[in-house]
Structures are given as structure tokens and as C-alpha cells.
Amino acid sequence: MPSANPPRARGVDRIIELFRQLHIARKPMTMRELIASTDAPRSSIYELVSLLTEADWLETLPDGSVFFGREMHYYGADYAMQNDLLRRAHQLMLELINRLGETVQLCILEGNKYTVVLSESSSRPFKITSDIGVKVPIPWTASGRLLLGHLSARDILDLIPAEDFTLADGRTIDSGQFLEDVKRAAQQGYSMTEGLSDSFTCCMAAPVLSRGGHAIAAFCFMVSRDTDEPRRQMLLRELIASAQKLSDLS
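Our subject in this report is the structure included herewith.

## Notes on unusual backbone geometry
The phi dihedral of D39 is positive, around 55°, even though this residue is not glycine. Mapping D39 onto the fold places it in the loop between α2 (31-38) and α3 (42-54). Classification of D39 as exposed rests on a relative accessible area of 72%. Notably, D56 is not glycine yet its phi reads approximately 65°, a positive angle. Here D56 lies in the loop between α3 and β1 (58-60).

What follows is the structure in C-alpha cells.
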């Protein structure tokens, strides 16, 4: 009887898991760390790292640790250039940061988490930003409240792990209140949160809508909670207008 998981398939799975672990770490990993985190045989990881290094998908640093190679950068750049939403969003983000000087990000859902796919930071000494590709619990974000607007209350609660309603500082977000936040965000066409991911941040987000009217992404500003009300309202108007431009063309 043929194996349900032939060697070639197992090899592909291990490559995917190896890349995933490097992405999670966001820094070079030792061979020992890669073997432990992927739970793969030592010989397999050494062989894969050797092959992928020859192809420039990985780089082995002088201390023996391993990280993504330059070919991965080229592939990512190719994807960003050919993805219409990312290309147009990046241009708008550059315009916003040049005019307004605030950190701006494009965010999406990835499974049951929220992640930043594009980010442009302000030139100010004090910056608020989130790292690209890092998965964050949905209830911690303004964008997450917008991106769930097309789901029922039951679907939302089934999607989000119970532990994700607990913030990094130990505070708990009431699930009922969160559902009300999602409903209100869908009705008003934006979301604003304060002091969730950290105590000094105000996050404001506006939805990028598909032709079917679902939020497929969100534009957001990350600003200080000390930002005065007139500036907040001005930034929110700019954010909504920019998100609408992307929605009109998505």
C-alpha cells in the first residue's frame, strides 16, 4: 500500500515548516533551534538547509546560524509589485506619511489572527509601529473589529480563541462588548481603540472593501493617545478617504 505521506511530500512540508519557524523567530536560528522547532530529523534539516543555501533561499551566517537568503527578498518584491492592492496601497501610504507624518499600516486577517502586511513609519523620534507579518490576536486591534463585520456573532466567537480576549497586560476584553464593537465599526465605517496592544497607543482604522462590500483589509494610523481631538478627526477623515480610494478600485 502506498505511503499516505511520501518522502517528497514530507520534504515540502519540512521546508514550509522551516520557513515558518524562521518567520516566527524573525532572526537567524541555530541548527539546534531549527531541529527542535520543526521536530524533524537532524539529517533532514541539515540536508534541506544545505540545498536551500545553494539556491540562495537561505543564508548560513559566519556563526553557523541560518536565515532567509537574498532570493527570498526578490520573490517578495516580485509579489508586492504584481499584487494590485499592495502596490496601490503602498503609494497611498507614502503620500499619507509625507503629508501627515504618522505611521500608517495596511492590515489583513490571516486565519484567526491579525497581521500587518505593509507599514511605513514616521520620521519622528517617537514612533508607534507593529512588525510586518507578526500575528496578533484580533481583539487587540481596531482593524480586527472592521475585518469581522461580515461574520455572525457565533462565527466570530468560533473563530477567535478564548485566550485571545486576554491582553498582554492581563486585562480581559469582554466578548459581548467586542461583538458590539464589531457591529458599531461596520455601521460607522471605521474603528478606533486606545490602550489595547500597549497603554500609550491610539489605533484608528478604516476598511478597504471588496466589490461585494466585505472588508478585505484595513488602513490604520498608529498614534499617541496624547493626540488632540481635532487632529484625531482630521487623521480619521484622511484615513477613510484613502481606504475608499482602494475600495473603489479593488
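## Some points on α3
For α3, with 13 residues, the first-to-last C-alpha span of 19 Å sits near the 18 Å given by 1.5 Å per residue. All buried positions along α3 are accounted for by S44, I45, L48, V49 and L52. Viewed end-on, α3 has its buried residues packed into an arc of 125°, placing them on one side of the element. Exposed residues on α3 whose side chains face more than 90 degrees from its buried face are R42, S43, E47 and E54. In the stretch just after α3, D56 is the one whose phi turns positive, near 65°.

## Considering the environment of F200
Its location among the elements puts F200 in the loop between β6 (191-194) and β7 (201-209). The spatial distance from the C-alpha of F200 to the C-alpha of V223 is 8.6 Å, given a sequence separation of 23 residues.

## Here we look at the packing of α2 against α3
In contact at an axis separation of 10 Å, α2 and α3 are set at 120° when each is read in the N-to-C sense. Relative to α3, the element α2 is oriented oblique. As for the relative orientation of α2 and α3, their crossing is right-handed in sense. Each of M31, L34, I35 and T38 in α2 lies in contact with α3, whose residues at this interface are R42, I45, Y46 and V49. For the contact of α2 with α3, the residue count by class is 6 nonpolar, 1 polar and 1 charged.

## Digging into the sheet that holds β7
Strand order across the open sheet formed by 6 strands is β5-β4-β3-β8-β7-β6, with antiparallel pairing between neighbours. Bordering the open sheet on either side are β5 (136-137) and β6, each of which pairs with just one other strand. Note that β6 and β7 share 4 bridges and pair antiparallel. In the sheet register, S191 faces β7, and the bridge partner there is A205.

Criteria and cut-off values
- Residues numbered from 1 in each chain as written.
- Predicted model: local features only at pLDDT ≥ 70, side-chain atom pairs only at ≥ 80, totals over all residues.
- Heavy atoms only, no water.
- Helix = DSSP H or I, 4+ residues; strand = E, 2+ residues; numbered from the N terminus.
- Buried < 20%, exposed > 50% of the residue type's maximum accessible area, 1.4 Å probe, protein only.
- Expected span 1.5 Å × (residues − 1).
- Arc of directions from axis to C-beta.
- Axes fitted to C-alpha atoms, helices over the stretch in contact; angles between N-to-C directions.
- Parallel < 35°, antiparallel > 145°, perpendicular 65-115°, else oblique.
- Left-handed = near helix turned anticlockwise from the far one by under 90°.
- Contact = heavy atoms within 4.5 Å.
- Nonpolar A, V, L, I, M, F, W, Y, C, P; charged D, E, K, R; others polar.
- Pairing = 2+ DSSP bridges.

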